Amino acid sequence: MASGRIVVYGGRGALGSACINHFKNANFWVANVDLNPNDKADVNITVPKDGSWLQQEEHVVNELGAALQGQKVNAVICVAGGWAGGNAAKDLSKQADLMWRQSVWSSTIAATLASKYLSPGGLLALTGAKAALEATPGMIGYGLAKAAVHQLTKSLGAKDSGLPENSLAVAILPITLDTEMNRKWMPKADFSTWTPLSFVAELFDKWLKGENRPESGSLVALVTKNNITEAVVQ
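Residues numbered from 1 in each chain as written. Predicted model: local features only at pLDDT ≥ 70, side-chain atom pairs only at ≥ 80, totals over all residues. Heavy atoms only, no water.

- Going by what an unreviewed UniProt entry lists, the protein is known as Dihydropteridine reductase and is assigned to Pieris macdunnoughi.
- If you open the UniProt record of the protein and go to Sequence similarities (unreviewed entry), you find "Belongs to the short-chain dehydrogenases/reductases (SDR) family."
- Turning to the protein, the UniProt record has this under Function (unreviewed entry): "Catalyzes the conversion of quinonoid dihydrobiopterin into tetrahydrobiopterin." (UniProt positions renumbered as here; feature names shortened; annotations may be inferred.)

See below:
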């Protein structure tokens, strides 16, 4: 008997894989929604890369509904996304379009999944960025998309948002996650200020169980100093 059921949107990336591993180890049934499958997941829903926003949503909603067969999930965790630099003079629309697809499309589709399949009192977690609370002149498209996720989270946490009763909508706002790719591209950085993926997965687990939950609609920064991470509500 599974401990519960969760959906990880972006479950093939570094953080998504860490979340799937964590919850599989805790005996959860896990669905992965991504461009590519994760062999640890119980169900893989492959997003049609060239589909429109609406086509992607319809596909994911229908595939998850078929997999659940009338059951509900305890959490929808969206950790899909990416990073791109660029300012107004360099590829602004190109980079903004890419960031919008990776962060905003995935987050809104995750919200739709939560409205249909999340249990009352369940968790919807999205991924913003602490940098996007301020100006991001060297990565305008990225900041634009993450700021939109912040706005989406606040709206989802408000009354009449369409989410199930007593559900928690929250966005994590990482600074830098400790991933293999980040270490590759920033080998001289201070890793003691990077947030471990295990901390994030464990935080989702706590919220899922109702422990130390912030108010719905909260933006929660992940601040790591000297290898110690705190979840700080903004």
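### Some words on the packing of aromatic side chains
- Scanning the model with the defined rule gives four aromatic pairs in all.
- Pairing Phe23 with Phe28 gives two aromatic rings, centres 5.2 Å apart and planes at 80 degrees, and the pair type is edge-to-face.
- Overall, the relative accessible area of 0% leaves Phe23 in the buried class.
- Its relative accessible area of 9% is what places Phe28 among the buried residues. (Phe/Tyr/Trp six-rings, centres within 6.5 Å; stacked < 30°, edge-to-face > 60°. Buried < 20%, exposed > 50% of the residue type's maximum accessible area, 1.4 Å probe, protein only.)

### Brief notes about the sheet that holds strand β5 (residues 118-127)
- Taken together, eight strands build an open sheet; the order of strands is β3-β2-β1-β4-β5-β6-β7-β8 and the sheet is mixed. Since the sheet does not close on itself, it has two edges, and those belong to β3 (43-46) and β8 (228-233), each with one partner. Each strand of the sheet is rotated relative to its neighbour by a mean of 20 degrees, with strand direction disregarded.
- Across five bridges, the pairing between strand β1 (residues 5-9) and strand β2 (residues 29-34) is parallel. Bridging across to β2, Tyr9 finds its partner in Val33.
- Packing against the sheet, helix α2 (residues 53-68) makes contact with β1, β2, β3 and β4 (73-78), and its axis sits at approximately 160 degrees to β3. (Pairing = 2+ DSSP bridges. Helix = DSSP H or I, 4+ residues; strand = E, 2+ residues; numbered from the N terminus. Axes fitted to C-alpha atoms, helices over the stretch in contact; angles between N-to-C directions. Contact = heavy atoms within 4.5 Å.)

### Let's talk about the side chain of Asn38
- Within the secondary structure, Asn38 is located in the loop between β2 and β3.
- Setting aside residues no more than four positions away along its own chain, Asn38 makes contact with Gly11, Arg12, Ser17, Ile20, Asn32 and Asn44.

### Things to note about the nonpolar core
- Membership of the largest hydrophobic core comes to 34 residues, with the highest contact counts inside it found for Tyr9, Leu64, Leu124 and Leu126.
- Broken down by element, this core gets its largest block of residues, six residues, from helix α3 (residues 92-117).
- Excluding residues within four positions of it along the chain, Leu126 makes contact with Cys78, Ser107, Ala110, Val149, Leu152, Thr153, Leu156, Val170, Ala171 and Ile172.
- The next biggest cluster of nonpolar side chains, apart from the first, holds 28 residues, and it includes Val8, Ala18, Leu177 and Leu197. (Core = buried A, V, L, I, M, F, W, Y, C linked by side-chain atoms within 4.5 Å.)

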